[in-house]
Amino acid sequence: MRRFPTILILAALALGLGLGLPPLASAGDNDIDKVNGSVQVAAGQQVGDVSTVNGAVHIAGGASVHEASTVNGEVELGDKAQATELGTVNGAISLGRASRVSGKVNAVNGSIHLAPGAEIGGRLENVNGAIVLDGAHVAGGVGTVGGDVTIGADSRVEGGILVDKPNNGWFHWGSERKPVIVIGPHAVVQGTLEFRREVVLKVSDSAQIGPVKGATPEQFSGATP
């Protein structure tokens, strides 16, 4: 798994250790930075970086931001909204219909959901939490450690899928549950599907996938396994 954004890791560690955390410095006049409280970006608004430590980030439909991040809270990108990157440590991430993130999207403990027509130009990954693509597109691959992954009907992924094994570091919870990976009807996954831990892999008979490493696909017909 790739490194999580440094600013979020440091903020999470500071909170866990009970250290005082000063207000985040603004990188520009158009940035929105908070420590406590949610951040709202209005419909159609264009801003720079949007961040908080304790609170959610809500980006309304048609808005445009650069990087949106929080430590404790969800990140929500509205319909037809745009961002460069999205990230959270403890919280879910959701992308609305026809929304677009040009770079990466990542979480540590939290689910990630992409609505129909949503698109991610970079990599999508988390450590724990379900990942669901509902008729969506990810260009840079999908990765997780302990989360279920559903590449729903008509979704497309380039860069493959990686389910990594837990390590003995900060992100190890010792769960022995097998992640469930579902590749839905008419979905396309280009690149290697690599599984470094035991998983349940279910693939629609109408899906197209690349080479599989570390698992044996179970084929299914119909809308769901």
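Bear in mind that the values here come from a model prediction, so they are computed numbers and not experimental data.

J.: Tell me what's going on with the overall build of the protein chain, and back it up with residues and numbers.
T.: Summing up its helical and strand segments, the protein chain has 1 helix and 27 strands in all. Out of the 225 residues belonging to the protein chain, those deemed buried represent 45%. Within the protein chain, counting contacts between residues at least 6 apart in sequence, those at least 24 apart form 21% of the total.

J.: Can you break down the sheet that holds strand β6 (residues 75-77) residue by residue, with the values?
T.: Strand pairing in a sheet is mediated by backbone hydrogen bonds. Such pairs are either parallel or antiparallel. Ordered by their spatial adjacency, 10 strands build an open sheet running β2-β4-β6-β9-β12-β15-β18-β21-β24-β27, and the pairing between neighbours is parallel. Two strands in the sheet have a free side with no partner beyond their single neighbour: β2 (39-41) and β27 (218-220). Neighbour to neighbour, the strand axes of the sheet diverge by 5° on average, direction disregarded. Two elements, strand β4 (residues 57-59) and β6, share 3 bridges in a ladder whose sense is parallel. Along β6, the bridge assignment pairs H58 with E76.

J.: Please provide a residue-by-residue account of the pairing of strand β21 (residues 180-183), values included.
T.: Remember that side chains alternate between the two faces of the sheet whenever the strand is regular. In this structure, strand β18 (residues 149-151) lies alongside β21, joined through 3 bridges in parallel fashion. In the strand pairing of β21, T150 is matched with V182. Sheet topology places β21 next to strand β24 (residues 200-204); 4 bridges connect them, and they run parallel. Bridging from a neighbouring strand, I181 pairs with L201 of β24.

J.: Give a detailed account of the sheet that holds strand β10 (residues 100-101), specifying residues and quantitative values.
T.: Spatially, β7-β10-β13-β16-β19-β22-β25 is the arrangement adopted by the 7 strands of the open sheet, whose pairing is parallel. Every interior strand has two partners, whereas the edge strands, β7 (82-83) and β25 (208-209), have only one. Looking at chain direction, strand β13 (residues 119-120) and strand β16 (residues 137-138) are connected through 2 bridges and run parallel. Residue I120 lies in a different strand from β16, and its bridge partner there is V138.

J.: Go over the pattern of salt bridges with me, naming the residues and quoting the values.
T.: Scanning all chains against the criterion turns up 7 salt bridges. Here D148 and R177 are joined by a salt bridge, their closest N and O atoms 2.7 Å apart. Remark: R177 occurs in the loop between β20 (161-163) and β21 and D148 occurs in the loop between β17 (142-144) and β18; sequence separation between them is 29 residues. Judged by its relative accessible area of 23%, D148 is partly exposed. Ionic pairing is found between E194 and R196, a salt bridge with its closest N-O pair at 3.0 Å. Residues joined in a network through salt bridges with shared partners are D164, E194 and R196.

J.: Residues and numbers for the environment of A207, please.
T.: Mapped onto the elements of the fold, A207 is located in the loop between β24 and β25. Since its relative accessible area comes to 18%, A207 is described here as buried. Placed 51 residues apart in sequence, A207 and R156 show a C-alpha to C-alpha distance of 10.0 Å. Look past the residues within four positions of A207 in its chain and what remains in contact with it is I183, G184, H186 and A187.

J.: So what's going on with the nonpolar core? Which residues, and what values?
T.: Among the nonpolar cores identified, the biggest contains 45 residues, and I59, L86, L114, L124 and I183 are the most heavily contacted of them. Discounting residues that sit within four places of it in the chain, L124 has contacts with V105, I112, L114, I131, L133, V138, G141, V142 and G143. Counting residues in each nonpolar core, the second largest holds 6 residues, with V53, V108, V127 and V145 among its members.

J.: Tell me about the side chain of D31, and please be specific about residues and values.
T.: Within the element layout of this structure, D31 appears in the loop between α1 (6-16) and β1 (32-33). No salt bridge is formed by the buried D31; its nearest oppositely charged neighbour, K34, is found at 15 Å. A polar contact of 2.9 Å, which involves the side chain of D31, links it to the backbone nitrogen of D49.

J.: Describe the side chain of N126, naming the residues involved and giving the relevant values.
T.: Mapped onto the elements, N126 comes out in the loop between β14 (124-125) and β15 (131-133). For N126, a relative accessible area of 0% gives the class buried. A polar contact of 2.7 Å, which involves the side chain of N126, links it to the side chain of T144.

Rules used in this analysis
- Residues numbered from 1 in each chain as written.
- Predicted model: local features only at pLDDT ≥ 70, side-chain atom pairs only at ≥ 80, totals over all residues.
- Heavy atoms only, no water.
- Helix = DSSP H or I, 4+ residues; strand = E, 2+ residues; numbered from the N terminus.
- Buried < 20%, exposed > 50% of the residue type's maximum accessible area, 1.4 Å probe, protein only.
- Contact = heavy atoms within 4.5 Å.
- Pairing = 2+ DSSP bridges.
- Axes fitted to C-alpha atoms, helices over the stretch in contact; angles between N-to-C directions.
- Salt bridge = Lys/Arg side-chain N within 4 Å of Asp/Glu carboxyl O.
- Core = buried A, V, L, I, M, F, W, Y, C linked by side-chain atoms within 4.5 Å.
- Lys, Arg positive; Asp, Glu negative; His and termini not counted.
- Polar contact = N/O pair within 3.5 Å; in protein donor to acceptor, adjacent residues only side chain to side chain.

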